[in-house]
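An overview of the molecular structure
Residue strings, one per chain:
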Amino acid sequence: MLKDITIGQFFPGDSAVHRLDPRVKIVLTVAFIVLLFLANGPVSYAIILAFLAIIIGISRISPKMVVRGLKPVLFIVMFTALLNLFYTPGDYIWQWGFLHISVEGIRTAIFMVIRLMLLIIATSMLTYTTSPIQLTDGLERLLSPLKKLHAPVHELSMMMSIALRFIPTLIEETEKIISAQKARGADFESGNLIQRAKAMIPILVPLFISAFRRADELATAMECRLYRGDVGRTRMRQLKIARVDFGALGIFVLVFAAVIALRQFGL
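Just so it is clear, the model here is predicted, and its values are computed rather than measured.

**Focus: the overall build of the chain**
- Looking only at helices and strands, one finds 11 helices and two strands in the chain.
- Split into buried and exposed, the 267 residues of the chain put 34% on the buried side.
- For the chain, contacts bridging at least 24 residues in sequence account for 73% of all contacts bridging at least 6.
- Carbon together with sulfur atoms contributes 70% to the accessible area of the chain, which is approximately 16500 Å² in total.

**Notes on a nonpolar patch on the surface**
- A cluster of nonpolar residues, V27, L142, L143, L146 and L149, forms a patch on the protein surface that exposes about 410 Å² of accessible area.
- As for its placement among the helices and strands, L142 is situated in helix α7 (residues 132–142).
- The exposure class of L142 is partly exposed, given its relative accessible area of 35%.

**Considerations on the packing of aromatic side chains**
- Counting across every chain of the model gives four aromatic pairs.
- Geometrically, the ring pair formed by F32 and F51 is stacked, given 6.4 Å between the ring centres and 25 degrees between the ring planes. Of the two residues, F32 is situated in helix α2 (residues 22–38) and F51 in helix α3 (residues 42–59); the sequence distance between them amounts to 19 residues. In this pair, the class of F32 matches that of F51, namely buried.
- For the pair F252 and F256, a centre-to-centre distance of 6.0 Å together with 50 degrees between the ring planes defines the contact as tilted. With F252 and F256 both in helix α11 (residues 243–263) and four residues apart, this pair spans about one turn of that helix.
- Taken together through their ring pairs, the aromatic side chains of F32, F51, F252 and F256 make up a single cluster.

**Quick notes on the pattern of salt bridges**
- Tallied over the entire structure, the rule returns three salt bridges.
- We note a salt bridge from R19 to D14, for which the minimum N-O separation is 3.8 Å.
- For D14, a relative accessible area of 56% puts it in the exposed group.
- Of the charged contacts in the structure, one is a salt bridge between E173 and R214, with a shortest N-O distance of 3.2 Å.

**Here's the deal with the packing of α2 against helix α6 (residues 103–128)**
- Axis separation between α2 and α6 bottoms out at 10 Å; the angle between their running directions is 180 degrees. Between α2 and α6, the angle falls in the class roughly antiparallel. Along the contact surface, α2 presents K25, I26, T29, F32, I33, L36 and F37, while α6 presents R115, L118, L119, A122, T123 and L126.
- Counted by class, the contact of α2 with α6 contains nine nonpolar, two polar and two charged residues.

**What about the nonpolar core?**
- Core analysis: the largest hydrophobic core is formed by 32 residues, its most contacted members being F32, I48, L52, V66, I121 and M125.
- At the level of secondary structure, the elements contributing two or more residues to this core comprise α2, α3, α5 (74–87), α6 and α11.
- Non-local contacts of M125, meaning those with residues more than four positions away in its chain, are made with I55, I56, S59, I61 and V66.

**Comments concerning the packing of α2 against α11**
- As a packed pair, α2 and α11 sit with axes 11 Å apart at the nearest point and diverge in direction by 10 degrees. Considered as vectors, α2 and α11 are oriented roughly parallel to each other. Listed contacts from α11 to V24, L28, A31, F32, L35, F37 and L38 of α2 are D245, A248, L249, F252, V255, F256, V259, I260 and R263.
- Of the residues in the contact of α2 with α11, the class split is 14 nonpolar, no polar and two charged.

**Describing α3**
- For α3, with 18 residues, the first-to-last C-alpha span of 26 Å sits near the 26 Å given by 1.5 Å per residue.
- Elements in contact with the buried residues of α3: α1 (16–19), α2, α4 (63–68), α6 and α11.
- Remark: R60 follows α3 within two positions and exhibits a positive phi of approximately 65 degrees.

**Comments concerning the side chain of R23**
- With respect to the element layout, R23 can be found in helix α2.
- Using a relative accessible area of 15% as the deciding quantity, one classes R23 as buried.
- Residues within four places of R23 in sequence aside, it is in contact with G138, R141, L142, L239, K240 and I241.

**A word on unusual backbone geometry**
- Positive phi outside glycine occurs at R60, with the angle close to 65 degrees.
- Tracing the sequence through the fold places R60 in the loop between α3 and α4.

Scoring rules and cut-offs
- Residues numbered from 1 in each chain as written.
- Predicted model: local features only at pLDDT ≥ 70, side-chain atom pairs only at ≥ 80, totals over all residues.
- Heavy atoms only, no water.
- Helix = DSSP H or I, 4+ residues; strand = E, 2+ residues; numbered from the N terminus.
- Buried < 20%, exposed > 50% of the residue type's maximum accessible area, 1.4 Å probe, protein only.
- Contact = heavy atoms within 4.5 Å.
- Areas by Shrake-Rupley, 256 points an atom, 1.4 Å probe, with all protein chains shown as cover.
- Patch = residues over 30% accessible without salt bridge, like charges linked within 9 Å, V, L, I, M, F, W, Y side chains within 5 Å.
- Salt bridge = Lys/Arg side-chain N within 4 Å of Asp/Glu carboxyl O.
- Phe/Tyr/Trp six-rings, centres within 6.5 Å; stacked < 30°, edge-to-face > 60°.
- Axes fitted to C-alpha atoms, helices over the stretch in contact; angles between N-to-C directions.
- Parallel < 35°, antiparallel > 145°, perpendicular 65-115°, else oblique.
- Nonpolar A, V, L, I, M, F, W, Y, C, P; charged D, E, K, R; others polar.
- Core = buried A, V, L, I, M, F, W, Y, C linked by side-chain atoms within 4.5 Å.
- Expected span 1.5 Å × (residues − 1).

Here it is, written out as structure tokens:
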């Protein structure tokens, strides 16, 4: 299961999606999430799905990798779908006690599953095609107006980037700890829920120790490189909006307009 967690990973490449300005990709990702909640019909979701499939194809990210990233959240997606299926009021077609299934519930559950899966894929594509440094610079530039309110924009962007960067590292560390504990005879699969929770303590304790040690090493490395935050900091790569960015924005505007138009007809 841990190997299926791919969020936070970056896959280097030279595709048009990789070359997009990180600010444009962040804005498009947020707008895509808004678009998912505006769509309310099968035709709208078909257009969104086709748009996302084209992006995955252009980025040259393996579809198997994209699908694999859905496995860790599959339980949450299905649980949400069941709640919508059994507790959405409407024209009941089946009822037993406090459980009931309605036509509206089936429709809501199907659209909720599609919406969550597309949302997870879209946000994963942001980290798949954007390096942590680019993501930090993009977030900082987008949030730069908040500096007038004395908000620590650079520090917040840096923390978010480091958090995403360390997700794969901590997953790898967890796998090593689990393998080491199993080699010592630890059992994580038998027993009831409470016993399994107690069995996780030999994993969590060294994991926390390792995380704090890595954080201390990172802080020391930043101090040795005279890191002092945003004051006097220069960037090796300057962010510039290119034609490919305007093209991506234009295509997304067309998709957004199409979904809004279809919303009026419930499609």
